[in-house]
Amino acid sequence: MDYDIWFRPFVWIDYRLAVLFLVLIPLILLIWAFVQKAEGIQRLLAIYWRVSSLVAITIYLMIAQYPVSFISGLIAQILIPISLWFWVDINDEIEYQTSGSLKLIFTSWRWATTVYCILGTLAFIPFLGCAFSGNALKTPYCRVWFEAPLLFKEYFHANSKAEFLGFLGITSLVIYVLYLSYFVLIKLGKQGRSATPQ
């Protein structure tokens with residue numbers, strides 16, 4: 001492990017914030033929304049989980065240290081805020097039919113996640129070069145991003161090979177891109193902002 005990367009602590013903080021904002025809190029909110037029967041929040045969180053699955057795909061791509069993981073990671077941070085605010089009918093339903101502490105915490109999380117993803121996108125842009133240069137990918141500057149995913153592998157996939165996990169990541173990425181392309185080019189074109197992924 002290289003210890004001369006000054007921004008390594010910030011990379012690890014980013015991964016911890018991602019677990020908090022992109023996994024733990026929305027999972028709690030989804031369970032809470034089901035208990036409260038808040039259908040608008042349920043629908044929006046269901047869309048969020050479909051879109052944010054690209055983050056999980058990125059982790060598996062990074063375990064295999066594939067350059068494309070830097071592109072998928074950046075796109076995930078762009079798509080997540082869009083998925084949280086894009087849908088006109090769901091936004092209206094949440095605004096007019098939901099009240100109480102669930103709505104307050106959900107709205108706070110939505111804004112916090114949006115800010116986190118915007119700042120994360122800006123901070124991640126300088127690392128896009130890692131996706132297009134094999135030499136750059138081998139440097140500590142790029143490899144620091146693989147450390148947390150490799151630790152994840154040790155905890156949850158200790159007996160699996162990185163290549164196999166990378167294959168799962170690539171396969172999932174292809175399916176994700178095909179589904180997203182279908183939705184954007186066909187469904188969204190017909191229904192506009194009233195369209196929602198099914």
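Residues numbered from 1 in each chain as written. Predicted model: local features only at pLDDT ≥ 70, side-chain atom pairs only at ≥ 80, totals over all residues. Heavy atoms only, no water.

In the nomenclature of an unreviewed UniProt entry, the chain is known as DUF3177 domain-containing protein of Nostoc cf. commune SO-36.

A. The arrangement of the overall build of the chain in detail. When its secondary structure is counted, the chain shows 9 helices and 0 strands. Seen in sequence order, the chain has helices and strands lined up from the N terminus as α-α-α-α-α-α-α-α-α. Computed over the C-alpha atoms, the radius of gyration of the chain is 18 Å, within 12% of the 16 Å expected from 2.2 N^0.38 for a compact globule of 198 residues. Its C-alpha atoms give the chain principal-axis dimensions of roughly 50 × 35 × 35 Å. Here the chain, with 198 residues, has 43% of them falling under the buried criterion. The contacts in the chain between residues at least 6 apart in sequence include a share of 76% that link residues at least 24 apart. When the 14 basic and 11 acidic side-chain charges of the chain are each reduced to a single mean position, those positions are 5 Å apart. (Helix = DSSP H or I, 4+ residues; strand = E, 2+ residues; numbered from the N terminus. Rg over C-alpha atoms; globule rule 2.2 N^0.38 Å. Buried < 20%, exposed > 50% of the residue type's maximum accessible area, 1.4 Å probe, protein only. Contact = heavy atoms within 4.5 Å. Lys, Arg positive; Asp, Glu negative; His and termini not counted. Charge placed at Lys NZ, Arg CZ, Asp CG, Glu CD.)

B. Region of the structure containing the pattern of salt bridges. Summed over all chains, the structure comprises 4 salt bridges. Of the charged contacts in the structure, one is a salt bridge between Arg-43 and Asp-89, with a shortest N-O distance of 3.4 Å. Of this pair, Arg-43 sits in helix 2 (residues 39–63) while Asp-89 is found in helix 4 (residues 88–97), placing the two residues 46 residues apart along the sequence. Looking at Asp-89, the relative accessible area reads 28%, which means it is partly exposed. For Glu-93, the salt bridge goes to Arg-43, with nearest N and O atoms at 2.8 Å. You can see Glu-93 sitting in helix 4 and its partner Arg-43 sitting in helix 2, a full 50 residues away along the chain. Judged by relative accessible area, which is 15%, Glu-93 ranks as buried. In the salt-bridge network here, residues are joined through shared partners; they are Arg-43, Asp-89 and Glu-93. (Salt bridge = Lys/Arg side-chain N within 4 Å of Asp/Glu carboxyl O.)

C. Quick peek at the UniProt feature "transmembrane region" (unreviewed entry) in the chain. The UniProt feature table records "transmembrane region" (unreviewed entry) at residues 15–35, 47–64, 70–88, 109–129 and 164–185. Note that residues 70–88 is 89% helix and 0% strand, and that its end C-alpha atoms are spaced 31 Å apart. (UniProt positions renumbered as here; feature names shortened; annotations may be inferred.)

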